[in-house]
Amino acid sequence: KLGMAYKKDDNFGEWYSEVVVNSEMIEYYDISGCYILRPWAMEIWELLKEFFDAEIKKLKLKPYYFPLFVTENVLQKEKDHIEGFAPEVAWVTKSGKSELEAPIAIRPTSETVMYPYFSKWIRSHRDLPLRCNQWCNVVRWEFSNPTPFIRSREFLWQEGHTAFATKEEADEEVLQILELYRRIYEEFLAVPVSKGRKSEMEKFAGGLYTTSVEAFIPNTGRGIQGATSHCLGQNFAKMFDITFENEKGAREMVWQNSWAYTTRSVILTPYLIENLLSVLHKLFFLIMYRFLQIGVMVMTHGDDKGLVLPPRVAPIQVIVIPVPYKDADTTAIKGACESAVYTLNESGFRADLDTRENYSPGWKYSHWEMKGVPLRIEIGPKDLANKQVRIVRRDNGAKVDIPVDNLVDEVKALLDDIQANLLKTAKEKRDACIEVIHTWDEFTIALNNKRLILAPWCDEEEVEKDVKTRTKGDLGAAKTLCTPFDQPELPEGTLCFASGKPAKKWSFWGRSY
Ligand SMILES: O=C(C[C@H]1NCCC[C@H]1O)Cn1cnc2c(c1=O)CCCC2
Ligand SMILES: [Mg+2]
């Protein structure tokens, strides 16, 4: 399938759904809310996993695998904050024809699976810190409230669960992990994010505080929460009796963190919200595509020709295409292509060639542009004669002829430039959306202009709730996205934009996914 039916700026949701299918990232599945991850998506996920896993091993994280299933009574231990989530929990009630005595839950997250064993394993301060990470799938049978849409139900993630003797150690690790999440976005996906702290209302209810990296999609004017790194305080230690004997022989509760970069996000929500009416008669668009990192990357860099992949996550960084003319020496051209690929692979690049006879060069150009491959190399008779290759950039379409002898250096320079260029462009676009406001009127105007709003706030939860109420609408209410660690100057006497009380901090506000 070539060419896009939808334009990114005209019909974002449809454009997005088309891109992820045409680029062969996902295939829709016959259970709504589930999808098949094809190699073009899984290879990206595996590149991110390779980086993150290596980095957390430096932080002494150990790999575990806990069961998919959790019993009802253990799950209920989180009852004080879980009841809000209860509808999302999927249960196994039968095996074959017979009912199970007691239903068994499928993990929606693994605190209740893990922490009874943390309680058993942690006895003395010598057993600390305990650092556990698992790569797995989780199931959340989510329903997006008013619309009849079923949100996706299974996703992949990594979940880190750590326990320390002191709060200081926990606080430090929260930020170490958050920095890794920032790197995933900015250094791999070339997506700019803001590090900050969630408000009391937006944080994980079971924790002490939540930090997150927040991205923003200019096309829809919506913030998107990236990964989250929570300090749980001693809340779960109390729930699950996770205590240790300290050096003085006294018994203390541990301090815990949990953190995930969840490959989930409601990608079609912008589609849902933006096109609620058209959506209703397009019920077949039931697909919820939750692939946080990758979804945000597609949205940020994609264009009307399809995906644009940052080189550091591109499964193929360079595609080599022979351009034979009728009387050309096709064997020599093919040989030149093969040696170019060989040279690049030997130098550590992910290069491949497309020698399929049944497709024209032109068709191949469009196909690999749709898949977002950062560089295309064309080799025709002229290139062969001049001992050169033609390189075409996917991000800006620039064409350059380079001597075969300089191939590796030129490709390296081009890929580095593309990676930097994608982040720089995305940062400029995101920054252009940021609007600093001081009054309620400025806030509502900025909100309707799809801005990422930076506003002085009194930090009162009642006020946050009030803003949500006052901005209700079919585009969704405004909410706090995070309080950025990087705080601008707050002049004495600055008042909260919503309550008029003395402002305590600058926070990012906006609509979100
Ligand atoms: O999962 C978390 C917190 C925490 N879990 C571990 C990784 C980090 C972070 O996501 C919050 N949460 C979200 N969603 C649900 C639950 C839940 O606890 C429990 C019930 C089902 C739905
Ligand atoms: Mg949820």
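Check the entry above for the structure.
A brief look at the structure comes next. Owing to the predicted nature of the structure, the values given are computational and were not obtained by experimental measurement.

**Regarding the site of ligand 1**
With respect to spatial proximity, 14 residues lie near ligand 1, and among them Glu88, Thr109, Glu111, Arg140 and His230 are the closest. Within the contact set of ligand 1, a nitrogen atom lies 2.9 Å away from a side-chain nitrogen or oxygen of Thr109. Elements that contribute at least two residues to the shell around ligand 1 include exactly strand E8 (154-164) and strand E14 (255-262). Here the element with the most residues in the shell around ligand 1 is E14; it accounts for three residues. When grouped by side-chain class, the residues that make up the shell around ligand 1 number seven nonpolar, four polar and three charged.

**Re the pairing of E14**
The buried fraction of E14 amounts to eight of the eight residues, a majority that puts the element mostly inside the structure. Neither face of E14 is open: one carries Trp255, Asn257, Trp259 and Tyr261, the other Gln256, Ser258, Ala260 and Thr262, and all of them are buried. Bridge count between strand E11 (residues 222-233) and E14: five bridges; the pairing is antiparallel. When the sheet's bridge partners are listed, His230 is paired in E14 with Ser258.

**A few points about the nonpolar core**
Note that soluble globular proteins tend to have their nonpolar side chains buried in a common cluster. By size, the foremost hydrophobic cluster in this structure holds 54 residues, and its most contacted members are Met25, Phe52, Tyr181, Tyr261, Met297 and Val298. Counting residues per element, this core draws most heavily on helix H2 (residues 39-58), at eight residues. Core analysis: the second largest hydrophobic core is formed by 25 residues, Ala190, Cys337, Leu375 and Ile418 among them.

**Side note on the environment of Lys77**
Along the polypeptide, Lys77 turns up in the loop between helix H3 (72-75) and helix H4 (79-82). On the basis of relative accessible area, Lys77 is assigned to the partly exposed category, the value being 40%. It is 18 Å that separates the C-alpha atoms of Lys77 and Trp255, two residues lying 178 residues apart in sequence. Excluding its chain neighbours within four sequence positions, the residues that come into contact with Lys77 are Met239 and Phe240.

**Some points on the packing of helix H11 (residues 330-346) against helix H14 (residues 407-433)**
Where H11 meets H14, the closest approach of the two axes is 10 Å, and the angle between their N-to-C directions is 65°. The interaxial crossing formed by H11 with H14 has right-handed handedness. Contacts from Ala340, Thr343 and Leu344 in H11 reach Leu407, Val408 and Val411 in H14. In terms of residue class, the contact of H11 with H14 is built from five nonpolar, one polar and no charged.

**Concerning a nonpolar patch on the surface**
A grouping of Tyr29, Ile31, Ile36, Trp141 and Phe143 is seen on the molecular surface, where their side chains present a nonpolar patch of about 460 Å² in accessible area. Structurally, the position occupied by Ile36 is in strand E2 (residues 35-37). Its relative accessible area of 36% is what places Ile36 among the partly exposed residues.

**Remarks on the sheet that holds strand E15 (residues 318-322)**
The strands making up a sheet associate through backbone hydrogen bonding, with each pair oriented either parallel or antiparallel. Here five strands make up an open sheet; going across it, the order is E16-E15-E17-E18-E19 and the pairing mixed. What marks the edges here is a single partner per strand, and that holds for strand E16 (351-353) and strand E19 (399-403). The sheet shows a mean angle of 25° between the axes of neighbouring strands, direction not considered. Where E15 and E16 come together, three bridges link them in parallel fashion. Paired with Val318 across the strands is Ala351, a residue of E16. The sheet strands contacting helix H12 (residues 361-370) are E15 and strand E17 (375-379), and the helix crosses E15 at an angle near 170°.

**Considering the side chain of Thr162**
Of note, Thr162 is situated in strand E8. Judged by its relative accessible area of 0%, Thr162 falls in the buried class. The contact partners of Thr162, leaving out residues within four places of it in the chain, are Leu61, Leu130, Arg131, Cys132, Glu173, Trp255, Gln256, Asn257 and Trp259.

**Quick notes on helix H16 (residues 461-470)**
Taken together, the buried positions of H16 are occupied by Val463, Glu464 and Val467. Relative to the axis of H16, the buried residues are bounded by an arc of 105° and lie together on one face. Exposed residues on H16 whose side chains face more than 90 degrees from its buried face are Glu462 and Thr469. Of the surrounding elements, those touching the buried residues of H16 are helix H15 (440-448), strand E21 (452-457), strand E22 (479-484) and strand E23 (505-512).

Rules of the game
- Residues numbered from 1 in each chain as written.
- Chains lettered and ligands numbered in written order.
- Predicted model: local features only at pLDDT ≥ 70, side-chain atom pairs only at ≥ 80, totals over all residues.
- Heavy atoms only, no water.
- Near = heavy atom within 4 Å.
- Polar contact = N/O pair within 3.5 Å; in protein donor to acceptor, adjacent residues only side chain to side chain.
- Helix = DSSP H or I, 4+ residues; strand = E, 2+ residues; numbered from the N terminus.
- Nonpolar A, V, L, I, M, F, W, Y, C, P; charged D, E, K, R; others polar.
- Buried < 20%, exposed > 50% of the residue type's maximum accessible area, 1.4 Å probe, protein only.
- Pairing = 2+ DSSP bridges.
- Core = buried A, V, L, I, M, F, W, Y, C linked by side-chain atoms within 4.5 Å.
- Contact = heavy atoms within 4.5 Å.
- Axes fitted to C-alpha atoms, helices over the stretch in contact; angles between N-to-C directions.
- Left-handed = near helix turned anticlockwise from the far one by under 90°.
- Patch = residues over 30% accessible without salt bridge, like charges linked within 9 Å, V, L, I, M, F, W, Y side chains within 5 Å.
- Areas by Shrake-Rupley, 256 points an atom, 1.4 Å probe, with all protein chains shown as cover.
- Salt bridge = Lys/Arg side-chain N within 4 Å of Asp/Glu carboxyl O.
- Arc of directions from axis to C-beta.

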